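Here are the chains, one letter per residue:
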Amino acid sequence: MTNIRISKKEKEKIHNIIEALNREYGTENRCFLDHETPWQLLIATILSAQCTDERVNQVTAKLFVKYPSLEDFAYADIKELEKDIHSTGFYRNKAKNIIACALRLITDYGGEVPRDIEDLVSLAGVGRKTANVIRGNIYNEPSIVVDTHVKRVSNRLGITKEEDPVKIEFDLMKKLPMEQWIPYNIQIITHGRSICSARSPKCEQCFLRDYCTYGKQLYKDKRK
Ligand code: SF4
């Protein structure tokens, strides 16, 4: 990764955004996916690809009762598991990955979910996004999860111009103070759901409008 220079103006803008986010949403850690154990969060996160957290929580409420242990997933009947997770979409791939992932956790990691990113991304169905969910939520390791909200809102705010999730993650890690990485995820997901939605951002009500590239441009255009 190349070193990037951050101008004084950009630093000031990011500082103002962080202050506003902390004021509005607080900095407490929270997880949007229901779980009781690390491996349950891993499975829930695999299921959350291209699916809403709300739907995943509906599915896992029954799934974790039917499959109460990691072994139950590792030795599950794939066709039955496919049926059980059908409504989360991409169910064939997800079922295959969940079984493979659960087996690896048992055989290579003694049934524990690893902490290192390299170990996590070596598991079936686990990319950097899922790995960072685990690191942030289970191990409290500073990490940035680039989901659809973090991508969209960070682009609109003008904090990053990158489009690729991995490049966005590295860009944000350079620009945001480390202690803000986990809160930023939670705050931006909350903001993306409530105010800065994909289809109709409510810029006129938004407390970030003064610092937001998209919001400022929108008002400039309206005044013309
Ligand atoms: S000003 Fe508009 S685009 Fe910018 S963060 Fe707020 S809602 Fe999103």
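See the structure shown above.
What comes next concerns the included structure.

What counts and what doesn't
All chains use their own residue numbering, which begins from 1 and follows the written sequence. Residues qualify for local features only when their pLDDT is at least 70, as the model is predicted, and side-chain atom pairs are given and counted only at 80 or more; totals for whole chains, interfaces and linings, by contrast, use all residues. Side-chain figures throughout are based on the complete set of non-hydrogen atoms in the structure, without hydrogens or water. Runs of H or I in DSSP of at least four residues are treated as helices and runs of E of at least two as strands, each being numbered from the N terminus. In this scheme, a helix's expected span is set at 1.5 Å multiplied by one less than its residue total. Any residue under 20% of the maximum accessible area for its type is buried, any over 50% is exposed, and the rest in between are partly exposed; the area is computed with a 1.4 Å probe on protein chains only. Only the contacting stretch of a helix is used when fitting its axis, a line to C-alpha atoms as for every element, and angles between N-to-C directions run 0 to 180 degrees. Roughly parallel refers to an angle under 35 degrees, roughly antiparallel to one over 145, roughly perpendicular to one between 65 and 115, and oblique to any angle outside these ranges. Only heavy atoms enter the contact rule, under which two residues are in contact if any of them lie within 4.5 Å. Residue type decides the class: Asp, Glu, Lys and Arg count as charged, Ala, Val, Leu, Ile, Met, Phe, Trp, Tyr, Cys and Pro as nonpolar, and the leftover types, Gly among them, as polar. The criterion for a residue being near a molecule or strand is simple. One of its heavy atoms has to lie within 4 Å of it. Here a crossing is taken to be left-handed if its near helix is turned anticlockwise relative to the far helix by less than a right angle, and right-handed if that turn runs clockwise. Only centres within 6.5 Å qualify two rings of Phe, Tyr or Trp (six-membered ring in Trp) as a pair; their planes then separate them into stacked at under 30 degrees, edge-to-face at over 60, and tilted for everything else. For a Lys NZ or an Arg CZ to count as sitting over a ring, it must be within 6 Å of the ring centre and within 35 degrees of the ring normal.

As for helix α6 (residues 91-109)
Taking 1.5 Å of rise per residue, the 19 residues of α6 would be expected to cover 27 Å, and the 25 Å separating its terminal C-alpha atoms lies within 8% of that figure. The set of residues buried in α6 consists of K94, A95, N97, I98, I99, C101, A102 and L105. One or two residues past the end of α6 sits G110, with phi positive at roughly 60°.

Details of the packing of helix α1 (residues 8-25) against helix α11 (residues 181-194)
At their nearest, the axes of α1 and α11 sit 10 Å apart, and the two run at 75° to each other. Overall, the two elements α1 and α11 adopt an arrangement that is roughly perpendicular. Facing L21, N22 and Y25 of α1, the residues of α11 in contact are Y184, Q187, I188, T190, H191 and S194. Residues that form the contact of α1 with α11 fall into these classes: four nonpolar, five polar and no charged.

Some details on the site of the ligand
Taken together, the residues surrounding the ligand are R156, L157, H191, I195, C196, P201, C203, C206, R209, C212, Y214 and G215. Counting only elements with at least two residues in the shell around the ligand, the list comes to α9 (148-157) and α12 (213-223). Looking at side-chain class alone, the shell around the ligand contains eight nonpolar, two polar and two charged residues.

Points about the environment of E169
Using a relative accessible area of 3% as the deciding quantity, one classes E169 as buried. When the C-alpha atoms of E169 and V150 are compared, they prove to be 9.4 Å apart, with 19 residues separating the residues in sequence. Not counting residues within four places of it along the chain, the set of residues in contact with E169 comprises R128, N132, I144 and V146.

Some thoughts on the packing of helix α5 (residues 78-85) against α6
Relative orientation of the contacting elements α5 and α6 amounts to 120°, with a least axis distance of 9 Å. If you check the angle between α5 and α6, you find them oblique. Two packed elements cross with a definite hand, and for α5 against α6 that hand is right-handed. Counted together, I78, L81, E82 and I85 of α5 and Y91, R92, K94, A95, K96, I98 and I99 of α6 form the full contact between these two elements. Along the lines of polarity and charge, the residues of the contact of α5 with α6 split into seven nonpolar, no polar and four charged.

Some remarks on the packing of aromatic side chains
Enumeration over the complete set of coordinates arrives at five aromatic pairs. Ring centres 5.9 Å apart and planes at 65° place the aromatic pair W39 and F73 in the edge-to-face group. Taken together, the residues W39 in helix α2 (residues 38-47) and F73 in helix α4 (residues 70-74) connect sequence positions 34 residues apart. Residues W39 and F73 agree in their burial class; the two are buried. Here the aromatic cluster, defined as three or more aromatic residues joined through ring pairs, consists of W39, F64, Y67 and F73. Between the NZ or CZ atom of R156 and the centre of the ring of Y214, over which it lies, the distance is 5.0 Å. Between R193 and the ring centre of F32, over which it is positioned, the NZ or CZ distance is 4.6 Å.

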